[in-house]
Amino acid sequence: MYDDNPQADSKPSGKAGVPVYERLLDLFEAEGIKTLFGIPDPNFVHLCLEAESRGWTVVSPRHEAAAGFMAEAASRITGKPAVCFGTLGPGLANMMPAIQCCKVENSPVIFLGGQRARVTEQRVRRGRIQFVRQEPMIQDSVKYSGVIEYADQVDEIAHEATRVAMSGTPGPCYIEYPSHVILEEVDATPVPAPSRYRLTNQGADGDRLAQAAKAIMEAKNPILLVGHAVHTTQSGAAVRDLALKMNCPVIQTSGGTSYIKGIEDRTFQYVFADASIDAVEESDLVVALGTELGEPLHYGRWRHWHDNEANRKWIYVQQDATAIGVNRPIDIPLVGDVRAVVPQLTRALGEGRPEAPGLRRFMKDGADELAELAAETLTKSDGTGNVATHTSRFIVEATKHFPPEGIMIRDGGASVIFGWTYNQCKPHDVIWNQNYGHIGTGLPYANGAMLADHAETGVSRPGMLVTSDSSFLFHIGELEVAVRKNLPLVCVVAVDFQWGLEVGVYKRTFGQGTAETGTHWSDKVRFDKIAEGLGARGEFVATADGIGPAIERAYAHIEAGGGPSVIHVPIDPKANSEEMPKYERFRTWYAEGTQ
């Protein structure tokens, strides 16, 4: 649940005035923010020093884009807004991929941008150093953009940024922070609690809740459709209570792949678990939580939804009222924050409903499919002969050794598609780029999620990044951050020295034997050696049966006080590009006007 404490405004600091950089931290602390990501420069050294003195986790990445990705992961793992900053000019330009990603991923990240003093910016001059007009560059990629031109604007601009970031469909906001206001002082008035300046924990209309509860109790085959926002609002426990009252299958969207503790065995990935297709096709009522009902769900109208459309009702819990009815008609809209509406709906169901007729069958079918898939991989190449390990075996062996209470981070193209089908673990926290398709985010996501989780809970949970080589190379320098912070992170890297998904596109487009231009790269890269050069532990594993023991050694190294590890695993490039499981289902995500 989102923590709206303190319930009362904070006490006055006792100071006559505070500098703007301190006031910014006061305002962000009221939102429960405890982490700060960015590369310090003259605009931000005061902010960083003060944040660290207050006990914040201050993290300097190797690249500003990574700072944005780290902040995005922090917002997902805590359910709160997050903050990062970039220096004027190239720093903000480097952050643009992360800003755009946060917009598409609906992540409430506040981006602070340094800038020259206004007196300099507005002069008619040429040849100015490290200067560009940043706000026009960023405005189309954020929900709100504001400039602190005068010190007394700091409260209203910071409040508007968090208000807009967290309202409706969440998303990024931008605050420009010119150098002339940094040390200016403002009155040290009490900082209000979030509920004083923005709507928090909005509940749904009582009449609509009663209609929804009645529809659920009367349904024969209801399903619960769980989306990305269930995880990013940290609403898992509340959704578990609702699922148990509904006594039905739980279907994950492509963005909602974190399993909720206590209902793992009744939870199935849409499309990639066969049980999910049967449950959807038989359903006569859907309760959709925290999802955009987007292309990966076929908008809830086509393919597996189509045949029984006339007999199926939809209940949609959505914070953004303008999203109701856009992608499909909705019978009972429950407009409000999933944090508040789900407990309301659970209470409205009283003692709950009897078990859905097909639930036991779906649970058995789901477990059987996972076991069958694991057994099937034993017939695939294991790296002991002339052919490297099959990607399916790589996924099975890696995910079988995932630490039960760890954080799973995913990255890659073809390897992720294999993971959707062959994944053997059911992690409660999964971080991956589910909507924008931005590969290379894995290592920054791992750093940001693990650091923010520790700052929030005081517990250092293990992390596992399952990634491909091409994706890992994007931000491999961020491994130094994991080493610097001594994170309990194990990176398991599938290596085929190619863009596997794109090689597959060439083959499907032109047939075997095409030149596959631009998709292959040096086969001399050794990720275990790169890891050692950056101060991490590295290990090369040639065979499938060595993956599990290597992961165990990596976590034992961490337990003994060591830091992160990277495990380099060669995989079969032919299988990785040609044998992606259920690829035809994945391609239906790209509707191109047909849905």
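Presented here is an overview of the structure given in this document. (Residues numbered from 1 in each chain as written. Predicted model: local features only at pLDDT ≥ 70, side-chain atom pairs only at ≥ 80, totals over all residues. Heavy atoms only, no water.)

A closer look at the packing of aromatic side chains
Aromatic ring pairs are reported here in terms of the distance separating the ring centres and the angle at which the planes meet. Taken as a whole and assessed by the stated rule, the structure comprises 18 aromatic pairs. Plain terms: the ring middles of phenylalanine 44 and phenylalanine 85 are 4.5 Å apart, the flat faces sit at 25 degrees to each other, and that makes the pair stacked. Placement of the pair is phenylalanine 44 in the loop between strand E2 (35-37) and helix H2 (45-53) and phenylalanine 85 in strand E4 (residues 82-86), with a sequence separation of 41 residues. With relative accessibility at 0%, the residue phenylalanine 44 sits in the buried group. Ring centres of phenylalanine 497 and tryptophan 521 lie 5.7 Å apart, and the angle between their planes is 80 degrees; on these two criteria the pair is classed as edge-to-face. One end of the pair, phenylalanine 497, is in the loop between strand E18 (489-495) and helix H19 (500-510); the other, tryptophan 521, is in the loop between H19 and helix H20 (527-533), with 24 residues separating them in the sequence. Owing to a relative accessible area of 19%, phenylalanine 497 belongs among the buried residues under this scheme. (Phe/Tyr/Trp six-rings, centres within 6.5 Å; stacked < 30°, edge-to-face > 60°. Helix = DSSP H or I, 4+ residues; strand = E, 2+ residues; numbered from the N terminus. Buried < 20%, exposed > 50% of the residue type's maximum accessible area, 1.4 Å probe, protein only.)

Brief notes about the pattern of salt bridges
Any two side chains of opposite charge can pair, on the condition that their charged atoms come close. Taken as a whole and assessed by the stated rule, the structure comprises 34 salt bridges. One salt bridge in this structure joins lysine 364 and aspartate 368, with 2.7 Å as the shortest N-O distance. Of the two residues, lysine 364 and aspartate 368 are both situated in helix H13 (residues 359-377); the distance of 4 residues between them amounts to about one turn of the helix. Residue classification places lysine 364 among the exposed positions, given a relative accessible area of 53%. A relative accessible area of 28% places aspartate 368 in the partly exposed class. Among the salt bridges present, the one from lysine 524 reaches aspartate 523, with a minimum N-O distance of 3.9 Å. For lysine 524, a relative accessible area of 70% puts it in the exposed group. Each of Asp26, Glu29, Glu50 and Arg54 takes part in a single network of salt bridges with overlapping partners. (Salt bridge = Lys/Arg side-chain N within 4 Å of Asp/Glu carboxyl O.)

Observations regarding the pairing of strand E7 (residues 173-178)
Counting buried residues along E7, 6 of its 6 residues qualify, which places the element largely inside the surrounding structure. Side-chain alternation along E7 places Cys173, Ile175 and Tyr177 on one buried face and Tyr174, Glu176 and Pro178 on a second face that is also buried. Relative to E7, strand E5 (residues 109-115) runs parallel, the two being bridged by 6 bridges. Counted as the bridge partner of glycine 114 is tyrosine 177 from E7. Taken together, the 4 bridges between strand E6 (residues 144-147) and E7 define a ladder with parallel strand orientation. (Pairing = 2+ DSSP bridges.)

A look at the environment of lysine 143
Mapped onto the elements of the fold, lysine 143 is located in the loop between helix H6 (134-138) and E6. On a C-alpha basis, the gap between lysine 143 and tyrosine 177 in space is 17 Å, while along the polypeptide they are 34 residues apart. The residues touching lysine 143, leaving out its near neighbours within four places in the chain, are Val164, Ala165, Ser167, Thr169, Pro170, Gly171, Pro172 and Cys173. Within the local environment of lysine 143, its side chain forms a polar contact with the backbone oxygen of serine 167, the two atoms lying 2.7 Å apart. Among the polar contacts made by the side chain of lysine 143, one reaches the main-chain carbonyl oxygen of threonine 169 at a distance of 2.7 Å. (Contact = heavy atoms within 4.5 Å. Polar contact = N/O pair within 3.5 Å; in protein donor to acceptor, adjacent residues only side chain to side chain.)

What about the sheet that holds strand E16 (residues 430-431)?
Across the sheet, 6 strands lie side by side as E16-E15-E17-E18-E20-E19; this open sheet has parallel pairing. Edge positions in the sheet fall to E16 and strand E19 (537-540), since each of these pairs with one other strand and no more. Contacts between helix H16 (residues 442-457) and the sheet are confined to strand E15 (407-410), E16, strand E17 (463-468) and E18, with E15 contributing the most and set at about 160 degrees to the helix. (Axes fitted to C-alpha atoms, helices over the stretch in contact; angles between N-to-C directions.)

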